[in-house]
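Working through the structure, step by step
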Amino acid sequence: MLQDFFSLTPDAVLGAVELALDPSGLVRATGRCFAHASMENRVYEIELEEPLPGLGQRVIAKFYLPRRWSQPALHEEHLSLQELQEAEIPVVAPICLAGAGGQTLHKTDFGVFFSLFPKVGGRVLEELSEEQLLQVGRLLGRIHNVGASRPAPHRPRLIPADYLEPALEALSVSGLVDIQLWSRFERAARALSTAAAPLWESVPLHRVHGDCHGGNLLWQPSGPVFLDFDDLMMAPAVQDLWMVIRGRDAEAQQQRATILEGYQQIRTFDFRSLRMIEALRGLRMVHYAGWVARRYADPIFQRTFPDFPSYAHWADETATIEEQVGLLQAQHGRLHLGSPD
């Protein structure tokens, strides 16, 4: 199945999409199939011969990497998107097809799951104005109100040990980490988990976007549309906040404060959770490394990360994780002494 996924052809894509849109064969594609940039899934823009009511003449097809998500986990993502859409929050929810029994998840004849989405226009902004930051904050508050309404049992939980262990296991068996550095890297990652764990005490987890960086905000004249809920998870609210604004400097802190001003208009935020940002940053580094290791058989990953197995890469990665541990330990010392954080 993986080989079929890695070598998806335009004919296979078009055939699967046409069948999903109309099993009777009345909906046809023109043959124009444009690949969109996507590291893990395969995403294509398909042009149809005739516009579909409410959808237009182009749809987006997302083919999911086999074995990353279970079918219940994918259903949970789609259900969450439908709930957000029903709450009139600007997201791109999968197309629900009456001819497919109301399903949003389809499967190719070689076993790869895929979904169809409407094409949405807009642009990614490098910098946001104060009003745009306020708008992002208000929308995140609304997203989290929906997210807190029920749990997501089939999605990941962002808890230090739970989040790191799969990544460390993947790295350990991959053979991609330079053997001279593995013990040091693993020791730093486990120290990070230990230092982070106390920050999670009494902090509620609920459904969040999970990967809410600027590239997943598509701006239209009316404001942002939130894209790509692939990493939907149970996590602290601050996970989405720090992903929008990742910096540490005074400007970043001011931008986060502006987002929180908008957020607080909709939903109460626990400001103590801001001290989790450096822990979340470090956890994401280790998680990301494990993600690359698990996908390295994919030729796209080998082309994108050619230095991933090198000594120099892992020396830099290890030093960066050790730096995060030092930041957390210093932060813990300030809190223990009663100093403001």
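Refer to the structure above for everything that follows.
What you see is a predicted model, and the numbers here were worked out from it, not measured in a lab.

On inspection of all chains with the given rule, the structure shows 23 salt bridges. In this structure, the salt-bridge partner of Glu-131 is Arg-138, at a minimum N-O distance of 2.9 Å. Given the relative accessible area of 45%, Glu-131 is considered partly exposed. Exposure remark for Arg-138: the relative accessible area of 24% places this residue in the partly exposed category. Ionic pairing is found between Arg-184 and Glu-322, a salt bridge with its closest N-O pair at 2.8 Å. Separated by 138 residues along the polypeptide, Arg-184 in helix α6 (residues 182-196) and Glu-322 in helix α11 (residues 311-336) bring together distant segments of the chain. Of the residues examined, Arg-184 reaches a relative accessible area of 31% and is grouped as partly exposed. Glu-322 sits in the partly exposed class, given a relative accessible area of 32%.

Another aspect to go through is the packing of aromatic side chains. Aromatic rings in a pair are described by how distant their centres are and how their planes are angled relative to each other. One pass over the structure, following the stated rule, counts 12 aromatic pairs. Look at Phe-269 and Phe-271: their rings are 5.5 Å apart centre to centre, the planes differ by 85 degrees, and that puts the pair in the edge-to-face class. Relative to Trp-291, the ring of Tyr-288 lies with its centre 5.2 Å away and its plane at 40 degrees, an arrangement referred to as tilted. A residue pair is termed a helical-turn pair when its members lie 3 or 4 positions apart in one helix, as Tyr-288 and Trp-291 do in helix α9 (residues 277-295) at three residues. Given a relative accessible area of 13%, Trp-291 falls into the buried group. An aromatic cluster is built from Trp-182, Phe-185, Tyr-296, Phe-308 and Trp-314, whose rings are joined through pairwise contacts. The ring centre of Trp-69 lies 4.0 Å from the NZ or CZ of Arg-155, which sits over that ring.

Turning next to the sheet that holds strand β4 (residues 106-107). Taking strand neighbours across the sheet as the criterion, the five strands line up as β1-β2-β3-β5-β4 in an open arrangement whose pairing is antiparallel. Because the sheet does not close on itself, it has two edges, and the strands there are β1 (29-36) and β4. Note: strand β2 (residues 42-52) against strand β3 (residues 56-63), seven bridges, orientation antiparallel. Each residue of the ladder has a partner; that of Ile-46, found in β3, is Val-59.

Before going further, it helps to spend a moment on unusual backbone geometry. With a phi close to 75 degrees, Arg-67 is a non-glycine residue in the positive phi region. Mapped onto the fold, Arg-67 is located in the loop between β3 and α3 (71-86). We classify Arg-67 as exposed; its relative accessible area is 67%. Unlike most non-glycine residues, Glu-88 shows phi in positive territory, near 60 degrees. Tracing the chain through its elements places Glu-88 in the loop between α3 and β4.

So, on to α3. An ideal rise of 1.5 Å per residue puts 22 Å on 16 residues; α3 measures up with 22 Å between its terminal C-alpha atoms. Buried within α3 are the following residues: Ala-73, Leu-74, Glu-76, Glu-77, His-78, Ser-80, Leu-81, Glu-83 and Leu-84. Count one or two residues on from α3 and you reach Glu-88, which has phi positive near 60 degrees.

Basis of the calculations
- Residues numbered from 1 in each chain as written.
- Predicted model: local features only at pLDDT ≥ 70, side-chain atom pairs only at ≥ 80, totals over all residues.
- Heavy atoms only, no water.
- Salt bridge = Lys/Arg side-chain N within 4 Å of Asp/Glu carboxyl O.
- Buried < 20%, exposed > 50% of the residue type's maximum accessible area, 1.4 Å probe, protein only.
- Helix = DSSP H or I, 4+ residues; strand = E, 2+ residues; numbered from the N terminus.
- Phe/Tyr/Trp six-rings, centres within 6.5 Å; stacked < 30°, edge-to-face > 60°.
- Lys NZ or Arg CZ within 6 Å of the ring centre and 35° of its normal.
- Pairing = 2+ DSSP bridges.
- Expected span 1.5 Å × (residues − 1).

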